[in-house]
Structures are given as C-alpha cells and as structure tokens.
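# Structural characterization, general
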Amino acid sequence: MTYLNELEQALVGLPKNEQENIIEYYRNYLADGGLSDEEARVKLGEPTVLAEKLKADFDQEDGDEVTTRAKQTQPLTRGQFILVILTSPIWLLVTLISFLGIASLPLLAWGVALSLIIVSAFSGIAGAVVLTQNFWGGLFYIGMAVISIGLSIMFSPCATWLVMKATDWTKALLLKIQHTARRVMNHE
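Residues numbered from 1 in each chain as written. Predicted model: local features only at pLDDT ≥ 70, side-chain atom pairs only at ≥ 80, totals over all residues. Heavy atoms only, no water.

A side chain of one charge can pair with a side chain of the opposite charge if their charged atoms are brought near each other. If you walk through the whole model with that rule in mind, you get 5 salt bridges. With a closest N to O distance of 3.2 Å, K171 and E24 form a salt bridge. Taken as a pair, K171 in helix α6 (residues 135–185) and E24 in helix α2 (residues 16–33) lie far apart in primary sequence, 147 residues in all. Judged by its relative accessible area of 43%, K171 falls in the partly exposed class. The buried category is assigned to E24, whose relative accessible area is 16%. Within the structure, one salt-bridge network assembled from shared partners comprises E6, R41 and E46. (Salt bridge = Lys/Arg side-chain N within 4 Å of Asp/Glu carboxyl O. Helix = DSSP H or I, 4+ residues; strand = E, 2+ residues; numbered from the N terminus. Buried < 20%, exposed > 50% of the residue type's maximum accessible area, 1.4 Å probe, protein only.)

Dropping the structure here:
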C-alpha cells in the first residue's frame, strides 16, 4: 500500500473536501520532491501519525470557526455584488494573462525544438551544396546542422517537462481561483 493510500485511510473522520485537499497537497509535495514511499516515511513520518496531527490541526481550526461560520454563509450584499462585477475586467484579465502565460511556455519550448530541427535540415542541405565549392565552408554548415540536431534532441525533454508542469500549474491556479471564490462567497 502506498504512503498516500495509507494517509487517505487514516484521514477518515475529516470532511471529504478536506481529505481531498490534504491528499492533493501531499501528492504534489511527493511528486515535486521526487520522493518514494520510503523517503516520504522518513521525511514526513508514518501516515497515521501525520493524519493525527492534521486532524488535530483541523479540529483546532474548526473549533475557532464554528461560531462564525453561520455568519459567513450569508449571500453577497448588493454592494459586494456590484464591486465584484465592477472589478471583473481586472481579475478576469489577470486570470486570462496567467493562463496564456502558462500555456505559452510549452508552445515556446516546442517551437524552439522544431525550429532547431528546421535549421539543422537547411544547414545540412546548405553544407552539402557549399561543400562542392568550398570545403571548409561546407564543413561549417554541416557542423551547424549537427549542433542544431543535438540541441533539438537536448531541448525536447525540456519541452515535454514544461508541458507536464504547465498542466500542474494550471491545475494549481484553478484550485487557487476556486478557493478564493469560495472565500469571497462565504465572506471569509
């Protein structure tokens, strides 16, 4: 059984959304750190002990908020609703720019890798043509083609890594937006 499965089983008793948030946090934590189950046990301790600490923290936070939670579930007032609508061009623009920035990174990386392949093809052809007229000039272009192929081979894993990270960043950004929207709607 994996560390996360044991942690999930030990978190029984917490609200489902809190369990999901905790498991998602530790899943990202272990993935970002590249930690195996054994390394997680060394760094974080046994899942049952960690779960007890998390439950205690939640109970302490929950006890402080129980009295105010009834007040926080009121709907937005007219003024707050108007404020949300009036500021929407700003926060929508910031959100859109964030998404476009995240999405452009993998596209840029793959564009560089593909352009290096195209450069290597044209340099190789130019080297073959120039080689018949000027030996050293032809070798220069062929060398440029070999270097471009090598760079594209080196850059392709970086582009793949960026695609995977961009999806993680997008998910984290969406969760942050969702959390913020819930806080605004619940007046937290």
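Attention now goes to the packing of aromatic side chains. Applying the stated criterion to the full structure yields 5 aromatic pairs. Ring geometry for Y25 and Y29: centres 6.3 Å apart, planes at 20°, overall stacked. In this pair, Y25 and Y29 are both assigned in helix α2, 4 residues apart and thus about one turn of the helix distant. Seen from their ring centres, F140 and Y141 are 5.5 Å apart, and the 70° between their planes marks the pair as edge-to-face. Since its relative accessible area comes to 34%, Y141 is described here as partly exposed. Among the aromatic side chains, those forming a connected cluster through ring pairs are Y25, Y26 and Y29. (Phe/Tyr/Trp six-rings, centres within 6.5 Å; stacked < 30°, edge-to-face > 60°.)

For helix α5 (residues 78–131), spanning 54 residues, the distance from its first C-alpha to its last is 77 Å, which sits close to the expected 80 Å at 1.5 Å a residue. At S88, α5 shows its maximal bend, which comes to roughly 55°, and the proline P89 appears one to four places after that position. (Expected span 1.5 Å × (residues − 1). Bend = angle between axes of the 7 residues up to and from the residue.)

Okay, the packing of α2 against helix α3 (residues 37–44) next. Relative orientation of the contacting elements α2 and α3 amounts to 110°, with a least axis distance of 11 Å. Accordingly, the angle class assigned to the pair α2 and α3 is roughly perpendicular. Crossing geometry of α2 relative to α3 is assigned as right-handed. Each of Y26, Y29 and L30 in α2 lies in contact with α3, whose residues at this interface are A40, K43 and L44. (Axes fitted to C-alpha atoms, helices over the stretch in contact; angles between N-to-C directions. Parallel < 35°, antiparallel > 145°, perpendicular 65-115°, else oblique. Left-handed = near helix turned anticlockwise from the far one by under 90°. Contact = heavy atoms within 4.5 Å.)

A separate point is helix α1 (residues 3–10). Burial in α1 covers these residues: Y3, L4, L7 and A10. Buried residues of α1, seen end-on, are gathered within an arc of 125° and therefore sit on one face of the element. (Arc of directions from axis to C-beta.)

With that settled, consider the environment of Q9. The topology assignment puts Q9 in helix α1. Along the primary structure Q9 and T48 are separated by 39 residues, whereas in three dimensions their C-alpha atoms are 8.6 Å apart.

Let us now look at the confidence of the model for the protein. Averaged over every residue, the pLDDT of the protein is 82; residues scoring 70 or more account for 88%. Predicted confidence in the protein is weakest over helix α4 (residues 47–72), with a mean pLDDT of 66, and strongest over α5, with 87. Low confidence marks residues 64–72, where pLDDT is under 50. Its contacts with residues over four positions away, or in another chain, come to 5 contacts. (pLDDT = per-residue confidence, 0-100.)

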